[in-house]
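Listed here are the chains, written in short residue letters.
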Amino acid sequence: MNISIIGSGYVGLVSGTCFAELGNKVICADNDAKKIALLKNGRVPIFEPGLEELIKNNLKKGRLKFSTNIKEAVINSEVIFIAVGTPPLDSGEADLTGIEHVARSIAQNLTGYRLIVEKSTVPVETGERVKHTIATYVKRKIKFDVASNPEFLREGTAINDFMHPDRIVIGVESKKARDILTSLYQPLNAPIVVTNIKSAELIKHASNAFLATKISFINAVSRVCDKVGANVEEVAKGMCLDKRIGRAFLDAGIGYGGSCFPKDLDAFVTISENVGYDFDLLKAARRVNEEQKSFYLKKIKDALWVLKDKNIGILGLSFKPNTDDIRSAPSLDIIKSLLQDGAKVRAYDPQAMLKIKNEINGITLCKDPYEVARHADCLLVVTEWDEFKELDFKRLKKQMRCALIIDGRNIYDPEEMSKFGFKYISIGRPSRKDGGK
Ligand code: UGA
């Protein structure tokens, strides 16, 4: 099929590239000329494992094209995906300016039937608005369909998630739209859930809100574990063997971050409020997530007492491993608070150093974990990158002024750490097996 994707952010770029890999002819359009120039040369503005290789390969095969020209994209494609950003406004609502702008541009360049598909995460009823906007701005009477096809890929595992999804959701209003999308996704061999447009839009917000709530739930359990000397990992293990619960998203830590969960929870709370429902449960999930960072900072203060002039080393800055993304990363709030208390902060992350440099002043970036540990009064694990799981702990300890690790992601075994001579503090897990603190 001839497809275009308007908006070359995370979702647009990965979806466009994967559609090309599946054998379609794809135009990825974006109004950011600098980004498009980079992409045309096979260079990728984000860090996502495997993406650059896939882009280069599909550029070479002539299946993938990058353009700043939305008219070209609309004229040459049967299916047009809208994948522009929907950033949060101060009110918590999603800013739909980009979507409206694209809808108008599509209308003004429409030459024949097109299927216009929302891929961005949008509030329920956006499909109606897109349809209305296109109908208003289209120059002559041309048939078109609007559909919703939310994307569930995660950063860091985006290509695999796109190619092997648990399900594909398509919200449609016509048989033609349903047939086009079903045949486009047919090679993925995944269950396809066909709904109306509003349900599809809600499935996306409900899924993200549910996953975020699951994380907040286990984080709340971790607080109780900490108080009584129980182990949150053992609790999660005991819970998850019940198939109705499952193990995924039950890792306690310093809370969720990223460009999706915080923004989508805010949006869903506001959407619900606007239709007269107070989604208190999500407000509580949000509050638990914020408290988790304060709770971690309290652990640091309890261990170090006065933070002024203390050397604090940070392992991990990105909001999760395998990405350079620091949007709403817990590291940001944690570092800002430590700096405010007068601590000296040294940090290392395998991918996110450049981004943190533009975001926070006053921290020293180091070339590896051992440099971070030099003269440190304490090491904090903030992101669970694999490379932190296999450190030379003897070497690490030698570098430190105080052998203290406060692990916000529970990546080490407390017993092991104590064997290496560290005082080790983690989230919802006692330092000793018998529950001793
Ligand atoms: C999330 C969803 O998982 C995707 O399905 C969705 O498509 C995407 O948002 C989106 O809406 O675009 P993503 O934000 O990339 O994906 O990352 P996740 O892997 O979901 O992690 C989100 C946050 O939750 C991270 O900060 C992670 O550290 C945290 N997390 C995750 C936990 O604290 N505990 C867990 O058990 C799992």
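Each value, and the rule that gives it
- Residues numbered from 1 in each chain as written.
- Predicted model: local features only at pLDDT ≥ 70, side-chain atom pairs only at ≥ 80, totals over all residues.
- Heavy atoms only, no water.
- Pairing = 2+ DSSP bridges.
- Helix = DSSP H or I, 4+ residues; strand = E, 2+ residues; numbered from the N terminus.
- Axes fitted to C-alpha atoms, helices over the stretch in contact; angles between N-to-C directions.
- Domains from an automatic or database assignment.
- Contact = heavy atoms within 4.5 Å.
- Buried area = accessible area lost by both parts, 1.4 Å probe.
- Salt bridge = Lys/Arg side-chain N within 4 Å of Asp/Glu carboxyl O.
- Polar contact = N/O pair within 3.5 Å; in protein donor to acceptor, adjacent residues only side chain to side chain.
- 1 Å grid on protein atoms, 1.4 Å probe; cavity = no way out; pocket = protein on both sides within 12 Å on 5 of 7 lines; lining within 4 Å.
- Points joined across faces, edges and corners; volume = space filled by probe spheres on them.
- Nonpolar A, V, L, I, M, F, W, Y, C, P; charged D, E, K, R; others polar.

(A) Inspection of the sheet that holds strand S13 (residues 404–407) at higher detail. Taking strand neighbours across the sheet as the criterion, the six strands line up as S11-S10-S9-S12-S13-S14 in an open arrangement whose pairing is parallel. Whereas interior strands pair on both sides, the edge strands pair on one side only; in this sheet they are strand S11 (363–365) and strand S14 (423–425). Between one strand axis and the next, the sheet turns by 20 degrees as a mean value, whatever way the strands run.

(B) Representation of the domain arrangement of the chain in the model. You can read the domains of the chain as domain 1 (2–204) and domain 2 (228–434). Between the C-alpha centres of domain 1 and domain 2 the distance comes to 34 Å. If you look at the interface, domain 1 gives 18 residues, while domain 2 gives 17 residues. Summing both partners gives a buried area of about 1,300 Å² for domain 1 against domain 2, and 56% of it is carried by carbon and sulfur. On the domain 1 side of the contact with domain 2, Phe 47, Gly 92 and Glu 155 bury the most area, a combined 41% of that side's loss. Between domain 1 and domain 2 we count one salt bridge in total. Notably, a salt bridge pairs Arg 327 with Glu 155, separated by 3.6 Å at the nearest N-O pair. At the junction of domain 1 with domain 2, the criterion picks out four residue pairs in polar contact (both at pLDDT 80 or more).

(C) Layout of the layout of surface pockets. The space that makes up the second largest pocket amounts to roughly 510 Å³. Forming the boundary of the second largest pocket are 19 residues, of which Asp 226, Phe 295, Lys 299, Asp 302 and Ile 425 lie nearest the centre. Broken down by secondary-structure element, the contributors of at least two residues to the lining of the second largest pocket are helix H9 (197–228), helix H12 (280–304) and S14. Considering each element in turn, the lining of the second largest pocket owes the most residues, five residues, to H12. Tallied by class, residues from the lining of the second largest pocket come to seven nonpolar, three polar and nine charged.

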